[in-house]
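Overview (structure and organization)
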Amino acid sequence: MINKLVIIGVGLIGGSLALALREAGAVNEIVGLGRSRENLEAARTLGIIDRIETDLASAVKDADVVVLAVPVAAMQPTLAQLSACLSPHTIVTDVGSTKRDVISYARQHLPVHLARFVAAHPIAGAEKSGATAAMANLFRGRNVVVTPMPENDPAAVQMISRMWESCGAVVNTMPPLQHDEIFAAISHLPHLLSFALVEDIAFRANASELFSYAAGGFRDFTRIAGSHPEMWRDICLANRDVLIREIDTYQSQLNRLRGMLEQSDGKSLEEVFGHARTARAEWLAGKQDS
Ligand code: NAP
């Protein structure tokens with residue numbers, strides 16, 4: 001049971017966490033802070049938070065858990081402000097999609113509080129954003145990756161793991177670099193490709209003609225280009241070293257396919273498409289089993 005929970009950034013993820021914890025009966029009071037008053041008012045009206053605070057120090061006073069649910073580039077200034085006002089017992093955690101950057105900001109700004117800073121990333125989301133997009137069941141059956149630091153108090157890691165489990169999530173732990181490498185390949189690169197394709201089509205002279213014929217395949221491939229630009233700018237920049245390596249690997253794959261087209265090598269093309277189709281079917285079947 002969390003007596004006082006503070007959520008900084010009551011958007012899709014922060015708001016969904018609040019709703020899930022409330023539904024589980026795992027929290028007593030939820031205080032929200034954020035950027036626009038309008039979003040915080042919506043969060044209060046929807047019953048996501050109990051009250052709005054504008055002053056960080058009074059918001060986090062005596063908090064059991066503070067959750068940072070802002071875009072990853074806003075984590076650094078938020079942690080800098082938090083450093084002066086945390087009670088020793090307060091556990092601080094985050095939901096950021098990249099982990100090495102957030103951990104380095106925590107090391108920089110919370111050096112005496114590191115035992116109680118637990119970095120985490122819920123693997124659930126949507127293209128929608130803000131408090132009005134929050135859903136109580138967003139994390140049910142979904143993975144949450146916790147990336148513990150050597151300085152962490154094991155009790156704090158356990159507390160944050162239990163918090164996510166009470167939302168119906170499955171918690172895994174791994175080192176921050178491994179986290180960032182995995183999500184560069186299977187999340188950050190696909191988002192970048194999706195944004196790039198829409199950008200490429202949208203600025204052609206015959207864009208409206210192209211869009212008028214675009215159907216299911218284009219819709220599926222570009223669904224994630226509907227995601228929040230600010231959030232994805234921050235994620236791509238925070239993980240740029242690993243993401244650039246992933247772009248290079250993908251470019252090699254495209255060059256390989258390009259070569260097959262130049263050679264009219266249908267046999268090799270069919271082999272690649274066949275491998276990809278089998279791999280995707282096996283992945284989906286595994287997901288259904290789990
Ligand atoms: P979101 O719906 O846009 O929510 C972010 C909230 O943070 C917004 O309410 C925003 O306020 C507020 N905010 C932005 N900058 C701020 C600042 N400088 N100070 C205080 N509040 C600020 O985004 P989200 O999808 O919940 O993402 C939040 C975090 O979760 C990000 O770190 C993201 O990487 C991570 N994450 C996202 C997903 C996903 O698929 N969406 C999945 C897993 C993890 P306004 O409403 O006033 O703009």
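Residues numbered from 1 in each chain as written. Predicted model: local features only at pLDDT ≥ 70, side-chain atom pairs only at ≥ 80, totals over all residues. Heavy atoms only, no water.

**Quick word on the packing of aromatic side chains**
Enumeration according to the criterion identifies 2 aromatic pairs in this entry. Relative to Phe218, the ring of Phe211 lies with its centre 5.9 Å away and its plane at 70°, an arrangement referred to as edge-to-face. Overall, the relative accessible area of 33% leaves Phe211 in the partly exposed class. Under the relative-accessibility criterion, Phe218 is labelled partly exposed at 22%. (Phe/Tyr/Trp six-rings, centres within 6.5 Å; stacked < 30°, edge-to-face > 60°. Buried < 20%, exposed > 50% of the residue type's maximum accessible area, 1.4 Å probe, protein only.)

**Description of the environment of Pro77**
Note that Pro77 resides in helix H4 (residues 75-82). Given the relative accessible area of 43%, Pro77 is considered partly exposed. (Helix = DSSP H or I, 4+ residues; strand = E, 2+ residues; numbered from the N terminus.)

**Section: the domain arrangement of the chain**
Per the domain assignment, the segments of the chain are domain 1 (2-173) and domain 2 (178-289). Taking only C-alpha atoms, the centre of domain 1 and the centre of domain 2 are 31 Å apart. Each partner contributes residues to the interface: domain 1 has 16 residues there, and domain 2 has 16 residues. Summed over both sides, the interface of domain 1 with domain 2 buries roughly 1,300 Å², with 57% coming from carbon and sulfur. Joining domain 1 to domain 2, the criterion identifies 8 residue pairs in polar contact (both at pLDDT 80 or more). Residue classes in the side of domain 1 that touches domain 2 are distributed as 6 nonpolar, 5 polar and 5 charged. (Domains from an automatic or database assignment. Contact = heavy atoms within 4.5 Å. Buried area = accessible area lost by both parts, 1.4 Å probe. Polar contact = N/O pair within 3.5 Å; in protein donor to acceptor, adjacent residues only side chain to side chain. Nonpolar A, V, L, I, M, F, W, Y, C, P; charged D, E, K, R; others polar.)

**Quick word on unusual backbone geometry**
A positive phi angle, near 65°, is found at Asp62, a position not held by glycine. Turning to its location among the elements, Asp62 is positioned in the loop between helix H3 (56-60) and strand E4 (65-68). One non-glycine residue, Ser264, lies in positive phi territory at about 50°. Note on placement: Ser264 falls in the loop between helix H11 (240-262) and helix H12 (266-289). For Ser264, a relative accessible area of 66% corresponds to the exposed category.

**Examining the sheet that holds E4**
Backbone-to-backbone hydrogen bonds pair the strands of a sheet. The strands run either parallel or antiparallel. Read across the open sheet, the 6 strands follow the order E3-E2-E1-E4-E5-E6; overall the sheet is parallel. Each having just a single partner strand, strand E3 (51-52) and strand E6 (117-118) make up the two edges of the open sheet. Note: strand E1 (residues 2-8) against E4, 4 bridges, orientation parallel. Residue pairing across strands places Ile7 opposite Val67, the latter belonging to E4. (Pairing = 2+ DSSP bridges.)

**A word on the sheet that holds strand E9 (residues 170-173)**
Read from one edge of the open sheet, 3 strands run E7-E8-E9, paired in mixed fashion. Lying at the two open borders of the sheet, with one neighbouring strand each, are strand E7 (120-122) and E9. Strand-to-strand twist across the sheet, computed as the mean angle between neighbouring axes with direction ignored, equals 20°. When E7 meets strand E8 (residues 143-146), the two strands line up antiparallel, connected through 3 bridges. (Axes fitted to C-alpha atoms, helices over the stretch in contact; angles between N-to-C directions.)

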